[in-house]
Amino acid sequence: MALRWGFVSAGKICSDFAACLRSLPEDHKVVAVAARNLDRAKEFAKIHDVPQAYQGYNKIAEDPNVDIAYIGSVHNYHYEHALLMLQHGKHVLCEKPLCLTEAQAKGLVAEAKKQNVFFMEGVWSRFFPAYQKIREIIGTGQLGEVKLVIANFGDYALDVERVCTKATAGGAILDKGIYAIQLASMVFGGQKPTSVSSNGYLLDTGVDGISSTVLKYPNNAMAVLNSSISCDFPNEAYIMGEKKKIKICFPFWCPTKIEISEANDKIVEVHEFPLPDIKWDFNYTNQAGMQYEAIAVGNYIKEGAKESPLMSQNESIVIAGIMDKARHDLGYYYDDEK
């Protein structure tokens, strides 16, 4: 029986994920979509052949035909919407960032455990074949001890109101930086850094325009993570060990190519991973790769798992804590934090 999805929001990211689910018709079906505006929900339903369109997200929570809720709403609503779905006993896949603070992340994890349902932050990067290969390479010791991760994610977005506004939890760290943070966290086993320090500047709106965050880990390992909504970066990442290094080619958060190098940047291996062939005009880069995440989530739920070993609930809490400290170092506080 197909896993039945209810969509919380009808935005661009939801449209892309719906297209990926529709490419897996035997195992997944979008049965309902909700939006604040009923016309928008109906338009989404028409495009993606969804049988039920609702105005108001509580309708998804109350729909007995929905097995799992996909939270694709704006950042500042993630906690509210995920909590509502969990309280109604739905499995939940919530887009990143999971929520706005470490305290909120802990609250959602506690509720998921109370309800005994599957719950995961939608860090889709973790399910790409390239990331699987990276974990394999690190695990074999081919790189030697990993000492440094460098990741850059910057796109000019000062013309996107949501990204530049504190009320919608905008800013470089929350919108871009989470991808760099999750990479470092994966490489270093999801452990909590021994220190977090961040520098950068705030826009007039109070959110960070550019940030540079340094994470320190045991055994003198480090990560240098740069994010921006004020200018474009090369958007590549590097994992450097004592013997070799990995370059995750653009776009590092949804990659199709990695390179392994020795000293003097001599490339010794290249691995390429074509995306799933999905006939859809996607809104964002390499979104066909959301199919990997969909397949994994479906398998977890079939197996009765309550979380993913590739993106654990505890690691989501650790990442939320890193983002809290990074924001506060820059003077970025939400109004209710002061």
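Below is a summary of the structure that appears in this document. Values in this document were obtained by computation on a predicted structure and should not be read as measured data. (Residues numbered from 1 in each chain as written. Predicted model: local features only at pLDDT ≥ 70, side-chain atom pairs only at ≥ 80, totals over all residues. Heavy atoms only, no water.)

**Let's talk about the overall build of the chain**
The condition is simple: Strands are runs of DSSP state E lasting at least two residues, helices are runs of H or I lasting at least four, and both sets are numbered from the N terminus onward. C-alpha atoms define the radius of gyration, and 2.2 Å times the number of residues to the power 0.38 defines the globule rule. The contact criterion used is simple: two residues touch if any of their non-hydrogen atoms lie within 4.5 Å. Accessible surface is estimated by sampling points in the Shrake-Rupley manner with a 1.4 Å probe; for residues, cover comes only from the protein chains shown. Under this rule, positive means Lys or Arg and negative means Asp or Glu; His and the chain ends count for nothing. Throughout, a charge is located at the NZ atom of Lys, the CZ atom of Arg, the CG atom of Asp or the CD atom of Glu.
For the chain, the helix and strand inventory stands at 10 helices and 14 strands. Against the 2.2 N^0.38 benchmark of 20 Å for 338 residues, the chain shows a C-alpha radius of gyration of 19 Å, consistent with a compact globule. When its C-alpha atoms are laid out on the principal axes, the chain stretches across 55 × 45 × 40 Å. A separation of at least 24 residues holds for 67% of the contacts in the chain among residues at least 6 apart in sequence. On the chain, roughly 14200 Å² of surface is accessible, and the fraction owed to carbon and sulfur atoms is 48%. Placing the 35 positive and 41 negative side-chain charges of the chain at their respective mean positions leaves the two points 2 Å apart.

**Comments concerning the side chain of N235**
For clarity, the cut-off: For every residue, the accessible area obtained with a 1.4 Å probe (protein chains only) is divided by the maximum for its type, and the residue is called buried under 20%, exposed over 50%, and partly exposed between those limits. Any N or O atom pair separated by 3.5 Å or less is treated as a polar contact, with the protein-specific requirement of one donor-capable and one acceptor-capable atom, and with residues adjacent in sequence counted only for side-chain atom pairs.
Within the secondary structure, N235 is located in the loop between β10 (221–228) and β11 (237–241). According to the relative accessible area criterion, N235 is buried, its value standing at 2%. Looking at N235, its side chain comes within polar contact range of the main-chain nitrogen of G154, at 2.7 Å. Residue contacts for N235: discarding those within four places in its chain leaves N152, F153, G154, D155, F250, P251, F252 and W253.

**Points about the side chain of D175**
Here D175 lies in helix α8 (residues 172–187). Only 3.5 Å separates the side chain of D175 from the side chain of K176, close enough to count as a polar contact. In this view, D175 contacts H75, R162 and V163; residues no more than four positions away in its chain are not counted.

**Looking at the environment of S228**
Mapped onto the elements of the fold, S228 is located in strand β10. In contact with S228, other than residues within four places in its own chain, are F153, G154, D155, A172, K176, G209, I210 and F233.

**Focus on the packing of helix α1 (residues 12–22) against helix α2 (residues 38–48)**
Formally: Here an angle of 0 to 180 degrees is reported between the N-to-C directions of two axes, which are lines fitted to C-alpha atoms, with helices fitted over the stretch in contact. Here the angle decides the label: under 35 degrees means roughly parallel, over 145 means roughly antiparallel, 65 to 115 means roughly perpendicular, and every other value means oblique. Take the far helix as the reference: if the near one is turned anticlockwise from it by less than a right angle, the crossing is left-handed, and if turned clockwise, right-handed. Note on residue classes: Ala, Val, Leu, Ile, Met, Phe, Trp, Tyr, Cys and Pro are nonpolar, Asp, Glu, Lys and Arg are charged, and everything else, Gly too, is polar.
Axis separation between α1 and α2 bottoms out at 11 Å; the angle between their running directions is 30 degrees. Considering their axes alone, α1 and α2 lie roughly parallel with respect to each other. When you trace α1 past α2, the crossing you get is right-handed. Contacts between α1 and α2 pair C14, S15, A18, A19 and R22 from the former with F44, I47 and H48 from the latter. A breakdown of the residues in the contact of α1 with α2 according to their chemical character gives 5 nonpolar, 2 polar and 1 charged.

**Focus: the state of the cysteines**
Quick reminder of the rule: Defined by distance alone, a disulfide is two cysteine sulfur atoms within 2.5 Å.
Enumeration over the complete set of coordinates arrives at 0 disulfides. Cysteine C14 shares no disulfide, and the gap to the nearest cysteine sulfur, in C94, comes to 11 Å. Taking relative accessible area as the criterion, C14 reaches 0% and is therefore assigned buried. Cysteine C164 remains unbridged, with the sulfur of C231 as its closest cysteine sulfur at 13 Å. Looking at C164, the relative accessible area reads 9%, which means it is buried.

**A look at the pairing of strand β1 (residues 3–8)**
Heads up, the rule is: One bridge is not enough; two strands pair if DSSP finds at least two bridges between them. Convention used here: a crossover is right-handed provided that the path from the first strand, over the helix, to the second strand proceeds clockwise when the strands point away from the viewer.
Most of β1 sits out of view: 5 of its 6 residues are buried. Bridge count for β1 against strand β2 (residues 28–35) is 6 bridges, and the pairing is parallel. Note on β2: the bridge partner recorded for R4 is K29. Running through α1, the crossover from β1 to the neighbouring parallel element β2 is right-handed. Sheet topology note: the β1/strand β4 (residues 68–71) ladder contains 4 bridges and is parallel. What sits directly across from G6, in β4, is A69.

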